[in-house]
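Structural characterization, general
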Amino acid sequence: MTAAVASAYTGLRGSVRRRPVGWLCGVLCALGLALLVLEFAPAIRVFPGSALLAFVLLLVTLGIGVAVLGRVRPFQAPPRGWAWSGVAWGATAATGCAIVANGGLQGIWFKAAGIDFGSRWGAALTAPLNEELLKVSGVALIALGARQLVRGPLDGFFLGAFTGLGFQVMENWTYAMNSILSGGGVNADNDVFQSFVTRVGLTGLGSHWAMTAVAGTGVGILLAHTERPVRRRLVPAALCLLTAMAMHWFFDSPLLGSTAGLAVKVAVNFFVAVGFYVVLRRRARRRARAFLLSPESPFSIDLLTRGSRRRALRRLPLARRPVAGLRAARHLAVVEEYAAGTHGPAGSAGALDSERRGSR
């Protein structure tokens, strides 16, 4: 975490505004975890070894996912606390509450439209509503609690991706446990491995991380450009959420029911999320480049990419590199503010003045 961002986050954490948001998130995460424990405690007691195996396998995928998302985030990796807050919400509050909400809504479909319709379309009509709203509500709460760290659509995209990843990993664990029960517990470890291969190897690239990244972009849009009327931000934000719901509906629908069809669904969701990322990244890089090349910028264009920063550090004597690296991280926090596109002229001048004072 850079010095400038850490300072902003610490100040916000102590504010009156953030404390209720933090308490609410903590209570809801505890509630979701309690619901998960209540639901799966009997299975864990009977199959503790297999439950632990599923947990370890998915914990490894979680670590890889967080590392990859942090690496592809432009400019620098996100603050760890910020990223893991999204993971925690997705894995506890969203997943636990979704178990209750999904069961209730699916019951309505069965009663209203019959068993055949509910069996075929129940998941596609239930999960996009309940799960996407539960996940994105956590993105919104975390964003409001750490306002300085969610400055625009790209930050919303990554916070959504971390939140969706947490949900995806915990949901995969619940599927592994359910596969043990549906198989009668005869070969529990094999059921865990088969579930892992299907849920991670086959569908992982186009699952919840991609859906919630798209929905999270809308949260970033709402928080960015606050000088614009709310209605001008609500429409694109709503479209992002509806796109995420459509991705989820397509993924869970009985359409393209074969294995090849499932691969098509995964590819569609993956490329939709990648398309959002490419557009948002390009815009952020363009704003950052324009700022770094402008007369008002006191910083080097070497800040723009990780590779150029590494090459610039290698040109310095070894003894000067640690201090230069810290200075670059502090400068990069200001560049990210411009890349987010939230600065007006007054805000830009204020950010630069603050950084110049901090560099003295």
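Here is a short report on the structure shown in this document. (Residues numbered from 1 in each chain as written. Predicted model: local features only at pLDDT ≥ 70, side-chain atom pairs only at ≥ 80, totals over all residues. Heavy atoms only, no water.)

1. Observations concerning a positive patch on the surface
Taken together, the side chains of Arg 228, Arg 231, Arg 232, Arg 282, Arg 283, Arg 286 and Arg 287 make up a positively charged region of the molecular surface. Secondary structure elements with two or more residues in the positive patch: helix H9 (230-252) and helix H10 (259-293). A per-element tally of the positive patch places H10 first, with 4 residues. Counting through the fold element by element, Arg 286 comes out in helix H10. You can call Arg 286 exposed: its relative accessible area is 52%. (Patch = residues over 30% accessible without salt bridge, like charges linked within 9 Å, V, L, I, M, F, W, Y side chains within 5 Å. Areas by Shrake-Rupley, 256 points an atom, 1.4 Å probe, with all protein chains shown as cover. Salt bridge = Lys/Arg side-chain N within 4 Å of Asp/Glu carboxyl O. Lys, Arg positive; Asp, Glu negative; His and termini not counted. Charge placed at Lys NZ, Arg CZ, Asp CG, Glu CD. Helix = DSSP H or I, 4+ residues; strand = E, 2+ residues; numbered from the N terminus. Buried < 20%, exposed > 50% of the residue type's maximum accessible area, 1.4 Å probe, protein only.)

2. Considering the environment of Gly 325
Structurally, the position occupied by Gly 325 is in helix H12 (residues 321-340). Taking the C-alpha atoms as reference points, Gly 325 and Ala 312, separated by 13 residues in sequence, lie 9.7 Å from one another.

3. Re the nonpolar core
Grouped together as the largest cluster of nonpolar side chains are 77 residues, with contacts concentrated most on Trp 82, Trp 89, Phe 158, Phe 162, Trp 173 and Val 335. Every residue in contact with Phe 162, bar those within four places of it in the chain, is listed here: Val 66, Leu 69, Gly 70, Pro 78, Trp 82, Ala 83, Gly 86 and Val 87. (Core = buried A, V, L, I, M, F, W, Y, C linked by side-chain atoms within 4.5 Å. Contact = heavy atoms within 4.5 Å.)

4. Some words on the packing of helix H3 (residues 48-72) against helix H7 (residues 188-202)
Between H3 and H7, the shortest axis-to-axis distance is 9 Å and the interhelical angle comes to 25°. What the angle tells us is that H3 and H7 run roughly parallel. For the element pair H3 and H7, the recorded crossing hand is right-handed. Residues Ser 50, Leu 53, Ala 54, Leu 57, Leu 58 and Thr 61 of H3 touch H7, and the partners they reach there are Ala 188, Asp 189, Val 192, Phe 193, Phe 196 and Val 200. Tallied by class, the residues present in the contact of H3 with H7 amount to 9 nonpolar, 2 polar and 1 charged. (Axes fitted to C-alpha atoms, helices over the stretch in contact; angles between N-to-C directions. Parallel < 35°, antiparallel > 145°, perpendicular 65-115°, else oblique. Left-handed = near helix turned anticlockwise from the far one by under 90°. Nonpolar A, V, L, I, M, F, W, Y, C, P; charged D, E, K, R; others polar.)

5. Focus: the packing of helix H4 (residues 80-113) against helix H5 (residues 115-145)
One way to put it is that H4 packs onto H5 with a least axis distance of 7 Å and a crossing angle of 150°. Taken together, H4 and H5 sit at an angle that is classed as roughly antiparallel. The handedness of the crossing between H4 and H5 comes out as right-handed.

6. Overview of the pattern of salt bridges
Enumeration according to the criterion identifies 7 salt bridges in this entry. Residues Glu 336 and Arg 73 are paired through a salt bridge, measuring 3.5 Å at the closest nitrogen-oxygen approach. Within this pair, whereas Glu 336 is found in helix H12, its partner Arg 73 is found in the loop between H3 and H4, the two being separated by 263 residues in sequence. As far as burial versus exposure is concerned, Glu 336 and Arg 73 are alike and both buried. A salt bridge links Asp 302 to Arg 315; its shortest N-O distance comes to 3.1 Å. With Asp 302 in the loop between H10 and helix H11 (306-314) and Arg 315 in the loop between H11 and H12, the pair connects residues that are 13 residues apart, well separated along the chain. A relative accessible area of 25% means that Asp 302 is categorised as partly exposed.

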